[in-house]
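# What the coordinates show
Residues per chain are reported as follows:
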Amino acid sequence: DGDGDGDGDGDDPYADPKVGAAKLAKRGIYVHALTDRGGIIARVKPSFVILYDPDAAFVREIETFTARRPGAPLRIYCLVHEGSLEEQRYVSQLRYETNAFDSLVRAKQHMSMPAEQEGRIGGGTGDATAAEPVLPLPQLQPLLDPTKDAAEKSTRRAGGQLTVPTRLHVVVDMREFMSSLPSVLHQSGFKVMPATLEVGDYVLSPNMCVERKSLPDLIGSLNNGRLYHQAEAMCKHYRYPILLIEFEGDKAFGISSVQDLGREIDPRSVQSKLVLLIYAFPKLRLMWSRSMHMTAKMFADYKLAEPEPTVEVAAKVGLPPDLSADGAGVDEPYNQAGIDFLRKLPGITDKNLRRVLDTIECVADLAEMSQADMAKMLGDNRQARTLHEFLHTEFPSAVTAAGRK
């Protein structure tokens, strides 16, 4: 008949698209539009795919299908003219996809990952019930009581979450309840005790106080000098003063970029002011937090080896006796002006300052001590000699200077 199909009717069997597609399907050839593919790859399981209009999303579907059937042959042919608009559109899709992955990789390299994400809970299993407490110091392990932790769990409250344990107490300043951190601390198992505090924002123990600053508040406090007086008060009344710098989850975890850091101290730079603050108060600890949940976790770690605070004592810190509620105030066994003077003397350091305060009654007693007594008190002969020479070196008077002329 001359048409080559062998049916003898003389008509084109592929003139009607539906009839042509049905006859092609009998021969194992399937024709589908990209917009109406609907999982055709999984149903047909082809060995050859011919794309008349290349599409990056469909190519990824084919790659996924191939990965699920290892060993099964599959080839892809793209019918596209070189330099055509279709080719440029396909290349642009691939370039956009590559740039997106590169941007994701760069972001992950500098990302501070919270402990509660990426399967880190429960040793990487993602199971919060299998998580074991990670202690900052190994010697704190005996402080944990497994039987007490098991008794504090209640299966009738949110699937076994920890109830409020009595050993996690924190005194919070009333002004801090404008933020969400007290609520997060309560959800994390802390007993939040509100009070009006003169020194610090959070009191974790009788020896530990925290001043919380967000990034805008930190910059403002450094510019107006308020943070200096707050750090001075914390270092005066507490053994472990802590400055908490808390960032927001959707902001970069840093004060500024590395390129903006200068090689010298700049009075206008926030980093320089922070360095000068630390230099002025060596006792001050810096606490960097990525989120409020991370802050709660760090608070719990800091309190493991510390006694619990009380509202009565925390509220009296920083108040003079005549302004406290009962008129008692907080006893200060040492004169702060004298302590500041002793810190500036050569030979006296933070390590031996406590021994000096326990040994002498006033600065005059220190001047009357011999070098041997100073060495016994300081525990270092070189420091004792430096201090003794400084106190007993004759100062040239105006009369002596005039006689030399």
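Residues numbered from 1 in each chain as written. Predicted model: local features only at pLDDT ≥ 70, side-chain atom pairs only at ≥ 80, totals over all residues. Heavy atoms only, no water.

Let's shift gears to the overall build of the chain. Check the secondary structure of the chain and you find 17 helices and eight strands. Within the chain, the proportion of its 405 residues that are buried is 28%. Across the chain, every contact between residues at least 6 apart in sequence was considered, and the portion connecting residues at least 24 apart equals 56%. (Helix = DSSP H or I, 4+ residues; strand = E, 2+ residues; numbered from the N terminus. Buried < 20%, exposed > 50% of the residue type's maximum accessible area, 1.4 Å probe, protein only. Contact = heavy atoms within 4.5 Å.)

This next bit is on the packing of helix α15 (residues 371–378) against helix α16 (residues 381–392). Their axes nearest at 8 Å, the elements α15 and α16 cross at an angle of 135 degrees. One element, α15, and the other, α16, form an angle in the oblique class. In the packing of α15 onto α16, the handedness of the crossing is right-handed. Across from Gln371, Met374, Ala375 and Leu378 in α15, the residues of α16 making contact are Asn381, Gln383, Ala384, Arg385, Leu387, His388, Leu391 and His392. Of the residues that constitute the contact of α15 with α16, the class distribution is six nonpolar, five polar and one charged. (Axes fitted to C-alpha atoms, helices over the stretch in contact; angles between N-to-C directions. Parallel < 35°, antiparallel > 145°, perpendicular 65-115°, else oblique. Left-handed = near helix turned anticlockwise from the far one by under 90°. Nonpolar A, V, L, I, M, F, W, Y, C, P; charged D, E, K, R; others polar.)

Here the focus is the sheet that holds strand β6 (residues 208–214). Spatially, β4-β3-β5-β6-β7-β8 is the arrangement adopted by the six strands of the open sheet, whose pairing is mixed. Two strands close off the open sheet at either side, each with one partner strand: β4 (191–195) and β8 (285–289). Strand-to-strand twist of the sheet, defined as the mean angle between neighbouring strand axes without regard to direction, takes the value 25 degrees. Relative to strand β5 (residues 202–205), strand β3 (residues 169–173) is paired through two bridges, and the arrangement is antiparallel. Counterpart to valine 172 in the pairing with β5 is tyrosine 202. Most of the contacts of helix α8 (residues 226–237) go to β6, to which it runs at about 165 degrees, and overall it touches β6 and β7 (240–246). Along the sheet, helix α10 (residues 292–302) contacts β5, β6, β7 and β8; its crossing angle with β8, the most-contacted strand, is approximately 140 degrees. (Pairing = 2+ DSSP bridges.)

The subject of this paragraph is the side chain of asparagine 352. In this structure, asparagine 352 sits in the loop between α12 (336–343) and α13 (353–359). Assessed through its relative accessible area of 1%, asparagine 352 is described here as buried. A distance of 2.8 Å separates a polar side-chain atom of asparagine 352 from the backbone nitrogen of threonine 349. The contacts of asparagine 352, once residues within four sequence positions are left out, are Gly347, Leu378 and Gln383. (Polar contact = N/O pair within 3.5 Å; in protein donor to acceptor, adjacent residues only side chain to side chain.)

The topology assignment puts glutamate 308 in the loop between α10 and α11 (311–316). Once the C-alpha coordinates of glutamate 308 and leucine 168 are considered, the two residues, 140 residues apart in sequence, prove to be 7.4 Å apart. A polar contact of 2.9 Å, which involves the side chain of glutamate 308, links it to the backbone nitrogen of histidine 169. Within polar-contact distance, the side chain of glutamate 308 engages the side chain of lysine 303 at 3.0 Å.

Further remarks concern the pairing of β7. Judged by how many residues are buried, β7 sits mostly within the fold: six of seven residues are covered. Across seven bridges, the pairing between β6 and β7 is parallel. Residue pairing in the sheet places arginine 212 in a bridge with leucine 244 of β7.

Time to look at the pairing of β3. By the criterion of burial, β3 is predominantly enclosed, with five of the five residues buried. What you see with β3 is no split at all: His169, Val171 and Asp173 on one side and Val170 and Val172 on the other are buried throughout. Following the backbone out of β3, through helix α6 (residues 181–187) and into the adjacent parallel β4, one traces a crossover that is right-handed. (Right-handed = clockwise from strand over helix to strand, strands pointing away.)

A few words on the pattern of salt bridges. Throughout the structure, instances matching the rule amount to nine salt bridges. The closest approach of N and O atoms between glutamate 246 and arginine 212, which form a salt bridge, is 3.0 Å. On the criterion of sequence distance, the pair formed by glutamate 246 in strand β7 and arginine 212 in strand β6 is long-range, its members being 34 residues apart. Overall, arginine 212 belongs to the buried group, its relative accessible area being 13%. Several salt bridges converge on common partners, so that one network encompasses Arg60, Glu63 and Glu97. (Salt bridge = Lys/Arg side-chain N within 4 Å of Asp/Glu carboxyl O.)

What follows concerns the environment of alanine 33. Structurally, alanine 33 is set in the loop between α1 (17–26) and α2 (40–44). Put simply, alanine 33 and tyrosine 52 are 19 residues apart on the chain and 9.6 Å apart in space, counted from C-alpha to C-alpha.

Moving on to unusual backbone geometry. Phi at lysine 45 is positive, roughly 55 degrees, even though this residue is not glycine. Topologically, lysine 45 is positioned in the loop between α2 and β1 (48–51). Classification of lysine 45 as partly exposed rests on a relative accessible area of 47%.

Let us now look at helix α7 (residues 215–224). Residues of α7 that are buried: Leu218, Ser221 and Leu222. Across the axial projection of α7, the buried residues extend over an arc of 100 degrees, all falling on one side. Pointing more than 90 degrees away from the buried face of α7 are the exposed residues Pro216, Asn223 and Asn224. Tucked into the core, α7 has its buried residues touching β6, α8, β7 and α9 (270–280). One or two steps after α7, the chain reaches glycine 225, where phi turns positive at roughly 80 degrees. (Arc of directions from axis to C-beta.)

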